[in-house]
Each structure stands twice: as structure tokens, then as C-alpha cells.
Amino acid sequence: MKKYIKLVVAAIVALIFIGTFVFLWQKSQPKEVSYQDLAASQQDIRKTTIITGKIEPRNEVNVKPQISGIIAELMKEPGQTVQQGEVIARVKVIPDMGQLSSAESRVRLADINLRQVEADYARTEQLHRQQLVSDEDFEKARQQLHQAQEEKAAAVDALQVVRDGVSKSNASASSTLIRSTISGVILDIPVKVGNSVINSNTFNDGTTIATVANMQDLIFRGNIDETEVGQLIIGIPMKITIGALQDLSFDATLEYISPKATESNGANQFEIKAAVAIPTDSLSGGAASGRTLRAGYSANAEIVLAQVTQVLSVPESAIEFEGDSTFVYVLTGTSTKQTPQYERRPVVTGLSDGVNIEIRSGLTAKDHVRGPQIITDDNSNE
């Protein structure tokens, strides 16, 4: 019995050994290598680049008050359209006590001076009637009266401006009414009723009451790498796509390339600007449909750096690069279906779009070239 068990164990070991040997022998056998068959063809090739940036209004202004005070009333809201000169807000003046006291004192002095001049004029006029004063002296007295009256009026106006922010003589041009300086859309009103505001001066930029922009004149602003900026020319067309409006694209024209680079993440970038053409029919839905162009939208600009039309080309994966030379493997006439034969042939290449490459010489439209190796599943060969 023991002898029988030993024979069975020996047979099993022998089978395992033989099976392992056969498996390793099969694995060591060379496998047939096959390649994709690619045909040369005539097609257009374009080399493009994508630039990321955003949409901005060309003309965006901050509306600021001419006087300091408190916001008493807001007449507009963000998103509304305004015309140049239209009132956006009204400011209530909080007078400076020092300026107010000075203005009141000026009015009192002007009033005293006016009463004195009026009295002098009355005496001079009476003497002139009696022909005791010359015409010249009478005219001087009348001139002094007019000057005193004007000084009194100017002092009263100054007091009204300090106290109320507006005088009766210039009520139509009141500085308490904040007016839009351009026609456009209100992008933002960062203040609320009751907020204190100050006018722009030497020491302060002033408080922004509203930001207004012309949303019919938009530009694309982005940055391009220094390796590609040399291929750009002012006036070349661009295609703008906006992430929030993926089904729409806009034409644009490059109009500015920065003469100076800025460093970003270790690479030199050049700012570019392009004028965006906005077709009115594409945004006919308006704000209700969510298709309104908004300032600050992220966008991509596609720029064609170079292109050729109807040139002979092959997939770039068929090209073999060796130094400055390029080669392809051309299918020869002696090939059979089972054993294709290839001839290594030098070619002159041109423009590439990353997928296809232009062949300037070395191939004809009838040639077939060897492509990448076909990877087969080992299990399918068994």
C-alpha cells in the first residue's frame, strides 16, 4: 500500500514538472507581431492653442460722490440699465462744524458790509441829485453796491452748499444727487441707505457708490505662454467659448499683446486682449433665460497659430524620429495578407496638430504606412 502511494505521488510531481516545462516553453516562443495599417490622405491641418481667461467690459467705471455725507436714498439696483446723467443715489450732507461756522461768519460779515455800502450809496445818490457829487463818484458808489450784493449772494450760496450740499442758484446741478457718468448696466452697488460716504481727495480714493459698465462692448482678457506668443499677430480671429454658456461661441479679434511678461508658476506669461463680437440674436432670451453675458465669466479662447489646407498627411504615431530626421515604414508590393513587408523610407514633415502631421515629400496618396503595434490579449491566442 505504501508503495502504491509513493507511485501516485511521484506521478503527480512528474505531471506538475512536465506541465510547468510546457507552459514556460510556450511562453518563450516568439509571438507574431502585427501593426496597424494606416493610409496617407489629403486633409486640413490646424495647429491651435487654448487660452484661459475671462470676459470683461471694456469700459467699467466707479461712480463716486462729489461731497461727503450719508446715503439717503438709492434709486437703482444692480442689473438695471442707466443712461449717462441719470440719478443713482442721493446723499444727505453732514456739514463740518468748522466749515459751517466759517460760512455763517462770512454771511454775517457780507451782510454788515452790504448795509454800510447801501447807506453810502443812498447818501451819494442824494448828493448826485443836488449836483454836489460828480458822475464818476456816483458810478463808483453804484459799483461798490453791486460788488457788496454779489459778495452777500456768494456767501449765502457757500453757506447753503456747506449746510445742505446744494445752493438755490445751482439746484439743477446738485452734488447731493449721484449721477451715472456713462450709459450702461449697473454691475454693483456696494453701499446701502445709511452708509457714510466720502468724496475723492488727495488722501482718499473716495467711496464707490456704484459700478457701471457698457455690456455691449466686451473684451476677452487672458494670458499666453512665451513659447506661443511669437506666433500671434494683432487682428487674428479667435473663437471664444464660455463655461456657463457651453452651447454658444463668439467670434473675437485679437487687439492687444502685452510688451512685457509676467511670471506665473515659474513660466513667463503675456497678457492679451480681444474684442468680442456679440450677436444680438444669440442672447435674445435675456436674463430670464439665463443667457445674458455677465462680467467676469470664465472663458476659453481658441487661436489658430498655423494651418495648411488639403495637404498629404499621416497619423503622427506612424512617424519615427531619429535626430533631425523622420522616417516611415511603407507597405511594399511584396507583402501578403499573412506577412506584410515594410520599407523604411525618409520623409520631410511639416505642420502637426498633435494627431496628424503634414508630409511634404517622401510619400504619395496611394501609400500605406505602418502604424502602432497591435496589442493582443494573451488569453485569446491560447
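Please read all numbers here as calculations on a predicted model, not as lab measurements. (Residues numbered from 1 in each chain as written. Predicted model: local features only at pLDDT ≥ 70, side-chain atom pairs only at ≥ 80, totals over all residues. Heavy atoms only, no water.)

A.B. asks: Lay out the overall build of the chain in plain terms, naming residues and giving numbers.
C.D. replies: From N to C terminus, the chain includes five helices and 21 strands. Looking at the chain residue by residue over its 382 residues, the buried ones come to 29%. For the chain, restricting intrachain contacts to residue pairs at least 6 apart in sequence, the fraction spanning at least 24 positions comes to 71%. Working note: accessible area of the chain is about 24,100 Å², and carbon and sulfur atoms make up 51% of it. (Helix = DSSP H or I, 4+ residues; strand = E, 2+ residues; numbered from the N terminus. Buried < 20%, exposed > 50% of the residue type's maximum accessible area, 1.4 Å probe, protein only. Contact = heavy atoms within 4.5 Å. Areas by Shrake-Rupley, 256 points an atom, 1.4 Å probe, with all protein chains shown as cover.)

A.B. asks: Run through the confidence of the model for the chain, naming residues and quoting values.
C.D. replies: Per-residue confidence for the chain gives a mean pLDDT of 83; residues scoring 70 or more make up 84%. Across the chain, element-level confidence peaks in strand β10 (residues 210–213) with a mean pLDDT of 94 and bottoms out in helix α5 (residues 378–381) with 48. Low pLDDT, under 50, characterises residues 284–290; the predicted model gives this stretch five contacts beyond four residues in sequence or across chains. (pLDDT = per-residue confidence, 0-100.)

A.B. asks: Hey, could you go over the sheet that holds strand β5 (residues 81–82) for me, with residue numbers and the actual values?
C.D. replies: Strand order in the open sheet made by the four strands is β3-β10-β8-β5, with antiparallel pairing throughout. One side of each edge strand has no neighbouring strand; the edge strands of this open sheet are β3 (60–63) and β5. Taken together, the four bridges between β3 and β10 define a ladder with antiparallel strand orientation. Bridged to Glu60 within β10 is Ala213. (Pairing = 2+ DSSP bridges.)

A.B. asks: Can you lay out the packing of aromatic side chains for me, pointing to particular residues and giving the numbers?
C.D. replies: One pass over the full model with this rule turns up one aromatic pair. A cation sits over an aromatic face here: Arg370 above Tyr329, 4.0 Å from the ring centre. Positioned over the ring face of Tyr342 is Arg370, at 5.7 Å from the centre of the ring. (Phe/Tyr/Trp six-rings, centres within 6.5 Å; stacked < 30°, edge-to-face > 60°. Lys NZ or Arg CZ within 6 Å of the ring centre and 35° of its normal.)

A.B. asks: Account for the environment of Thr207, with residues named and values stated.
C.D. replies: Mapped onto the fold, Thr207 is located in the loop between β9 (196–197) and β10. The sequence separation of Thr207 and Val63 amounts to 144 residues, and the corresponding C-alpha distance is 8.5 Å. Contacts of Thr207, omitting those with residues within four sequence positions, involve Val63, Lys64, Pro65, Val191, Ser196, Val197 and Ile198.

A.B. asks: Outline a nonpolar patch on the surface, listing residues and values.
C.D. replies: A surface patch of nonpolar side chains, amounting to about 260 Å² of accessible area, comprises Ile5, Val9 and Val13. With respect to the secondary-structure elements, Ile5 resides in helix α1 (residues 2–28). A relative accessible area of 45% places Ile5 in the partly exposed class. (Patch = residues over 30% accessible without salt bridge, like charges linked within 9 Å, V, L, I, M, F, W, Y side chains within 5 Å. Salt bridge = Lys/Arg side-chain N within 4 Å of Asp/Glu carboxyl O.)

A.B. asks: How would you summarise the sheet that holds β9 if you had to cite specific residues and measurements?
C.D. replies: Taking strand neighbours across the sheet as the criterion, the four strands line up as β7-β6-β4-β9 in an open arrangement whose pairing is antiparallel. What marks the edges here is a single partner per strand, and that holds for β7 (177–179) and β9. In terms of strand pairing, strand β4 (residues 69–74) meets strand β6 (residues 87–93) through five bridges, oriented antiparallel. Following the sheet pairing, Leu74 is matched in β6 by Ala89.

A.B. asks: Give a detailed account of the environment of Leu363, specifying residues and quantitative values.
C.D. replies: By secondary structure assignment, the location of Leu363 is in the loop between β20 (356–361) and β21 (368–373). Residue Leu363 is classed as buried on the basis of its relative accessible area of 10%. The spatial distance from the C-alpha of Leu363 to the C-alpha of Ala40 is 7.8 Å, given a sequence separation of 323 residues. Leaving out residues up to four positions away in the same chain, Leu363 has contacts with Leu312, Val314, Val328, Val330, Arg345, Val347 and Val369.

A.B. asks: Describe in detail the nonpolar core, supporting the description with residues and values.
C.D. replies: Residues Ile55, Phe220, Met238, Ile240 and Ile242 are the most contacted members of the largest nonpolar core, which totals 29 residues. Going through the elements one at a time, β2 (41–57), β11 (218–225), β12 (237–242), β13 (245–257), β15 (267–276) and β16 (298–315) are the ones with two or more residues in this core. Considering each element in turn, this core owes the most residues, five residues, to β13. Counting residues in each nonpolar core, the second largest holds 16 residues, with Val82, Ile178, Ile182 and Ile209 among its members. (Core = buried A, V, L, I, M, F, W, Y, C linked by side-chain atoms within 4.5 Å.)

A.B. asks: Residue-level account of the side chain of Thr124, with values.
C.D. replies: By the element assignment, Thr124 lies in helix α2 (residues 97–129). Overall, the relative accessible area of 17% leaves Thr124 in the buried class. Ignoring anything within four residues of it in the chain, the contact list for Thr124 reads Val133, Asp137, Phe138 and Ala141.

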